[in-house]
Amino acid sequence: MDNILSVRDLRVDIPLAGGTLHAVRGLNFDLARGETLCIVGESGSGKSLTSLAIMGLLPKMAQRHSKKLEFAGIDLSVAKNRQMRSLRGDRISMIFQEPMTSLNPAYTIGDQLTEALLLHRKVGRKAATARAIELLEKVGITAAASRLGQYPHQLSGGLRQRVMIAMALMAEPDLIIADEPTTALDVTIQAQILRLLVDLQREMNMAMILITHDLGVVARVADKVAIMYAGEVVESGRSKDVFTAPQHPYTRGLLRCIPVPGKTKPGEHLGSIPGIVPSLIGKTQGCAFRGRCDVAVDACAHDIPERAGAEGHLYRCVHDNSQMPPKASGGFNTASQSEGRP
Amino acid sequence: MIYTLKRLGLAVLVALAVSMLSFALLHLSGDPASAIAGESATDADIAAIRAFYGFDRPLIVQYADWLFSALRGDFGESYYFQLPVAQLIGDRLSITMTLGICGISFAILTAVPLGVAAAVRPNSMIDRMALFISVMGQAMPSFWFGLVLVVIFSIKFRLLPPSGTESWKNFIMPTVVLGYYAMPAIMRLTRAGMLDVLSADYVRTARAKGASEMRVMFKHALRNAIIPVVSLSAVQMGFMLGGSIVVESIFALHGAGYLAWESIGRNDLPTVQALILIFALFYIVFTFLSDLLNAWLDPRMRVG
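Residues numbered from 1 in each chain as written. Chains lettered and ligands numbered in written order. Predicted model: local features only at pLDDT ≥ 70, side-chain atom pairs only at ≥ 80, totals over all residues. Heavy atoms only, no water.

1. Observations regarding the packing of helix H3 (residues 109–120) of chain A against helix H4 (residues 125–138) of chain A
Residue and element names in this part refer to chain A. Contact pair H3 / H4: the axes reach a minimum separation of 9 Å and the direction vectors enclose 120 degrees. Classified by the angle between their axes, H3 and H4 sit oblique to one another. Crossing handedness for the pair H3 and H4: right-handed. On the side of H3, the interface is formed by Asp111, Leu113, Thr114, Leu117 and Leu118, while H4 contributes Arg125, Ala128, Thr129, Arg131, Ala132 and Leu136. Residue composition of the contact of H3 with H4, by class: six nonpolar, two polar and three charged. (Axes fitted to C-alpha atoms, helices over the stretch in contact; angles between N-to-C directions. Helix = DSSP H or I, 4+ residues; strand = E, 2+ residues; numbered from the N terminus. Parallel < 35°, antiparallel > 145°, perpendicular 65-115°, else oblique. Left-handed = near helix turned anticlockwise from the far one by under 90°. Contact = heavy atoms within 4.5 Å. Nonpolar A, V, L, I, M, F, W, Y, C, P; charged D, E, K, R; others polar.)

2. Thoughts on the layout of surface pockets
Within this model, the largest pocket holds a volume of roughly 1200 Å³. Every element with two or more residues in the lining of the largest pocket is listed here: helix H1 (47–55), strand S4 (63–65) and helix H2 (81–87) of chain A together with helix H5 (85–120), helix H8 (172–198), helix H9 (201–208) and helix H10 (213–225) of chain B. Split by residue class, the lining of the largest pocket holds 22 nonpolar, six polar and nine charged. (1 Å grid on protein atoms, 1.4 Å probe; cavity = no way out; pocket = protein on both sides within 12 Å on 5 of 7 lines; lining within 4 Å. Points joined across faces, edges and corners; volume = space filled by probe spheres on them.)

3. Quick notes on the interface of chain A and chain B
Contacts between chain A and chain B engage 27 residues on the former and 21 residues on the latter. Applying the counting criterion to the chain A and chain B interface returns two salt bridges. Ionic pairing is found between B:Arg215 and A:Glu115, a salt bridge with its closest N-O pair at 2.7 Å. Here chain A is connected to chain B by 14 residue pairs in polar contact (both at pLDDT 80 or more). Listed by contribution, the elements that provide at least two residues to the side of chain A that touches chain B are H1, strand S7 (92–95), H3 and helix H6 (157–169) of chain A. When residues of the side of chain A that touches chain B are assigned to their parent elements, the largest contribution, five residues, is made by H3(A). Grouping the constituent residues of the side of chain A that touches chain B by class yields 15 nonpolar, seven polar and five charged. (Salt bridge = Lys/Arg side-chain N within 4 Å of Asp/Glu carboxyl O. Polar contact = N/O pair within 3.5 Å; in protein donor to acceptor, adjacent residues only side chain to side chain.)

4. Describing helix H1 (residues 2–28) of chain B
Residue and element names in this part refer to chain B. Across its 27 residues, H1 extends 39 Å between first and last C-alpha, which sits within 8% of the 39 Å expected from 1.5 Å per residue. Within H1, burial applies to Tyr3, Ala11, Ala15, Ser19, Ser22, Phe23 and His27. Structurally, H1 contributes buried residues whose contacts are with helix H2 (32–37), helix H4 (59–71) and helix H14 (269–297). Downstream of H1 by one or two residues, Gly30 has phi in the positive range, about 155 degrees. (Expected span 1.5 Å × (residues − 1). Buried < 20%, exposed > 50% of the residue type's maximum accessible area, 1.4 Å probe, protein only.)

5. Things to note about the pattern of salt bridges
Residues and elements named next belong to chain A. Throughout the structure, instances matching the rule amount to 24 salt bridges over all chains. Of the charged contacts, one joins Arg121 and Asp90 as a salt bridge, the two residues approaching to 2.6 Å between their closest N and O atoms. With Arg121 in the loop between H3 and H4 and Asp90 in the loop between H2 and S7, this residue pair connects regions lying 31 residues apart in the sequence. For Asp90, a relative accessible area of 12% corresponds to the buried category. It is possible to trace a salt-bridge network through shared partners that takes in Asp9, Arg11 and Lys67.

6. As for the packing of H1(B) against H14(B)
Residue and element names in this part refer to chain B. Two numbers describe how H1 lies on H14: the axes approach to 9 Å, and their chain directions differ by 160 degrees. Between H1 and H14, the interaxial angle falls into the category roughly antiparallel. As for the relative orientation of H1 and H14, their crossing is right-handed in sense. Broken down by class, the residue content of the contact of H1 with H14 amounts to 18 nonpolar, five polar and two charged.

Here it is, written out as structure tokens:
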């Protein structure tokens, strides 16, 4: 399959008074049409900056570097603002985390839905409106035509996120980036919205990057997974490989934090990973996770080899973990074992 | 629609309250009859004046009489000019209105673009320049700035007339002086509003749609940032119409502000009352208009 998006050694640096913050450090991935990549990580791991870097929407002070950043044969690393603008909202769209604040309060839903189409395509207002109604119906909004005249404050959070999804799909993009699209919603709505997003992606054969910290979501929808920790992908590969045979201690720790129906007994403590994410300011060497890892050794402070498993399953760890059976419990989840903080 | 009616009702109530207050204030601040009669008047003279002007009637009757006349456009006769107040004010008001509208337009047309430019590049040269201009405007008293302009443009270069109301040229310097006084606050508020709005999520959404920077600035950001500016401008406008006395006296524009000032000195009660009411009505009308404009800008306000 041809890759629609190819990323090699993507870096985002933010110069600060106290030194440079290396927020994203050497990201690699490929994404084909119709595929879903989930980027997983905790707050501050650089996953949102990664998506903004692809969109060319990084904050002014942030610097983007890459060996390759190619979308549908277009080299984004050298694309001018004008060219990026013509891609955004047309061939690449984005869905943001906060539906409550991501819509402009001063304009109607109809205005905002049709804007992208009117900007990028030579269509009339009538055709754009028809498309907007079609998509609102597609995302499950009833009385779509009458919604067009409504303002964002008249809609609930779930409805607004549906509108955001419809808005992202207006121009039938090739790639859709969804940055924690369900995080701000009620738990009852989260599953609906996610289902909707995945169905539409399959139907329109788009590539999707889904950014999340919810492993439950990943397990359901991802083709590929990249686990990010402190600006770095520590493990990546096909979803089923990463879930059935996690190699990196951080991935294993994360997996232990979620309850498994049938396996987790009532009242049983779920796992947690002790410690906090290290500061990314200045030069960092070695494994960023070593301060919180219970299998850390001296070698972790030096360059870490990237190890390859089957079918593009990659992870960065000094240990060749494929030899070690993943532990069923214990290990990472007790605070006393945190040692060797960098 | 309901919102508009509500605002309108409120405006009428405020106008009524203001009319009572201005009437009461002037009548309670001293005996108008003895003030008109002067220091050498006898008690009999004062009593005669009191009877002539109807000051001996109960206050509420005097108020009702004045209010209903005022509603018909009859503000009584000026004690000093012996002319109907309505006619007297009418002439002066057109000068003040011209000056006020020019002044606020000058202020808005310079302040908003400068505020936007400053917000787009905070701490840049243009931002610092805007700050400098606004600090100057705040620090310079109008009378001094007016005189400086007269010295430069009328006396040195002889480009503009220093006083009078003969042509549009007469209004240039007063407009600049009056407008420059209102400009700094409008500019600072525009800048702050834009800075706030530019980091909003919906601005990022607009960029993600592929909107150009101009479109992001003016369509998505400015409309949301300008709302407090509209309210402030309405107040400034009301202030300009009522409080342009200093500017009017420097440039010898005999407007309503100047008339108010003179009339207070002359104890010309009907004129002062009428002017207070009219100035208050200006505030009320502009506030009402700014409420409507804001409701148009921000649909969330329409709920009322």
